[in-house]
Structures are given as C-alpha cells and as structure tokens.
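As a plain string of letters, each chain reads:
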Amino acid sequence: MQNDDYTTGQVLTRREALALLAVAGCSLLVGRSPASAQPVCVVRPEQTEGPFFVDERLKRSDLRTDPATRKVTPGVPLDLTLAVSRLTGGGCAPLAGVLVDVWHCDHLGIYSDAEDKLLRGYQVTDARGRARFKTIYPGWYQGRTVHIHFKLRSAPTVRPGFDFTSQLYFDDALTDRVYTQAPYAARGARRIRNNRDGIYRHGGSQLLLSLAPSGAGYAGTFDVALQGT
C-alpha cells in the first residue's frame, strides 16, 4: 500500500511563507480588483512532499516514457503548464530560469522510483515563466485523493536559493468521468474524494487545477507567483 499522507516537506519560516505567493489565475496577473484596484494575488499553501520524490534531475517535458526502456505509460493525456511569476509592486512579471519538478502515480496508483523513471521530471521556465509537461491524468491509491506533486526550485547557482513544494488537485466530477475510461475503469471505484483527504482539507481548494478538453485528453495551466526572488 502506498500512502504519502504525512508531512515530510519543508516547514517555512514566516519570512519564507510571505515570500511564496500564488496568483489566483492567469487573467488576474494583469487584472484589477474592483475593491482595491490592485493586482489580485493570494497565498497558496505549501503541502507535503511525500515519500516518492526522487531527485533524478531528469530534464524533459514528456513524462510518459521511461528514458531507458522506452516503456510508455497508458492513460488519458494531460498537458500541464506551470506559469511562474515574480510578484512586484506593480503586478506580476514572468520569472525565467526556475526549475519545476512534477511527479505523480500512474493509472494503477503506483509511483516510479530510481530505476523506473516514469511520470517524473523537470523543466526550466522559459522567458514567459512557463514550464510545460506532457503526462497522463493520475490514478488513485488507498488513503489519498487524486493529486500531482510539484516543486519549484531556484537554479543551483542562485544565492540565496528557494524551494517550494505543493500539490495539485482535480475536480471530483471530472475525475469520475475520466475513470470510466480505460485503463482506469478496470480498477473499480476510488475510495477517497477531495473532501475526505486529510491533506486536501488544508488548503487544497486553492490548489485545484482547472482543465479544459484538449484532443483526446485535457490541458490546464496553474499560475504561481514568488516574491523576493
């Protein structure tokens, strides 16, 4: 049984917590709040890293194929973009050069490891602050709702550096629809939904990934803004 429902992530100091903010949505980067006439940014919660992060430094955008065996993981395609910005006094500007790690389980609820490098890897944000990944809709395993882990890190040469880890979640109704398809349907009904997940209950509603249909699968962008970088 796999269960990463315990805290192994970094505990932030107050200064570090204030330095890591997330943008509520892409349109809000240049938008204005009617009440304050200021850019709308909200604090996103850091969440547990879990026991399945392997620091492979495996730079790639397509996470579906094992680089050694060329084995391809089956599943509904998911195009995931993380957009990283720097929060400034006048708004949010794209932040290039950030290492973005992504990892999650397969359709059977199994994570890869140091030998099997499926569904994990990193990209460096481009001039627009974006890191793009091709992966699959994650499966489920006992004790957790459906989720994807992500980590933001400064380049090794940056001093002082930063490290922020959290998780992305999915709308339960969408997950129900996805899981009626192969290869997920063969596993049967999942046991834990968002509102029953102990980690999700600590800020998971701020970490929901909004998805739209794209080809045979889905696509979505999640925006994160950092202050003091």
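Worth saying up front: this structure is predicted, and the values here are computed from it rather than measured.

Novice: For the sheet that holds strand β6 (residues 120–124), give the residues involved together with the corresponding values.
Specialist: Within a sheet, each strand pairs with its neighbour through backbone hydrogen bonds, oriented either parallel or antiparallel. If you walk across this open sheet you meet the four strands as β6-β5-β8-β9, and the pairing is antiparallel. Only two strands of the sheet have a single neighbouring strand rather than two, namely β6 and β9 (163–169). In this sheet, neighbouring strand axes are inclined to one another by 20 degrees on average, regardless of whether the strands run parallel or antiparallel. Two strands pair when backbone bridges link them, and strand β5 (residues 99–103) and strand β8 (residues 147–153) are joined in this way by five bridges, in the antiparallel orientation. Each bridged residue has a counterpart across the sheet, and for Trp-103 the counterpart in β8 is His-149.

Novice: Tell me about the packing of aromatic side chains, and please be specific about residues and values.
Specialist: For the coordinates displayed, the defined rule picks out ten aromatic pairs. Taken together, a centroid distance of 5.0 Å and an interplanar angle of 85 degrees make the contact between Tyr-169 and Tyr-200 edge-to-face. One end of the pair, Tyr-169, is in strand β9; the other, Tyr-200, is in the loop between α2 (172–178) and β10 (212–214), with 31 residues separating them in the sequence. For the pair shown, Tyr-169 and Tyr-200 are each scored as buried. Taken together, Tyr-137, Phe-170, Tyr-179, Tyr-184 and Tyr-218 form an aromatic cluster joined through their ring pairs. Positioned above the aromatic ring of Phe-53, the side-chain terminus of Lys-151 is 4.9 Å from the ring centre. Its guanidinium or amino end placed over the ring of Trp-140, Arg-187 lies 4.0 Å from that ring's centre, counting from NZ or CZ.

Parameters at a glance
- Residues numbered from 1 in each chain as written.
- Predicted model: local features only at pLDDT ≥ 70, side-chain atom pairs only at ≥ 80, totals over all residues.
- Heavy atoms only, no water.
- Pairing = 2+ DSSP bridges.
- Helix = DSSP H or I, 4+ residues; strand = E, 2+ residues; numbered from the N terminus.
- Axes fitted to C-alpha atoms, helices over the stretch in contact; angles between N-to-C directions.
- Phe/Tyr/Trp six-rings, centres within 6.5 Å; stacked < 30°, edge-to-face > 60°.
- Buried < 20%, exposed > 50% of the residue type's maximum accessible area, 1.4 Å probe, protein only.
- Lys NZ or Arg CZ within 6 Å of the ring centre and 35° of its normal.

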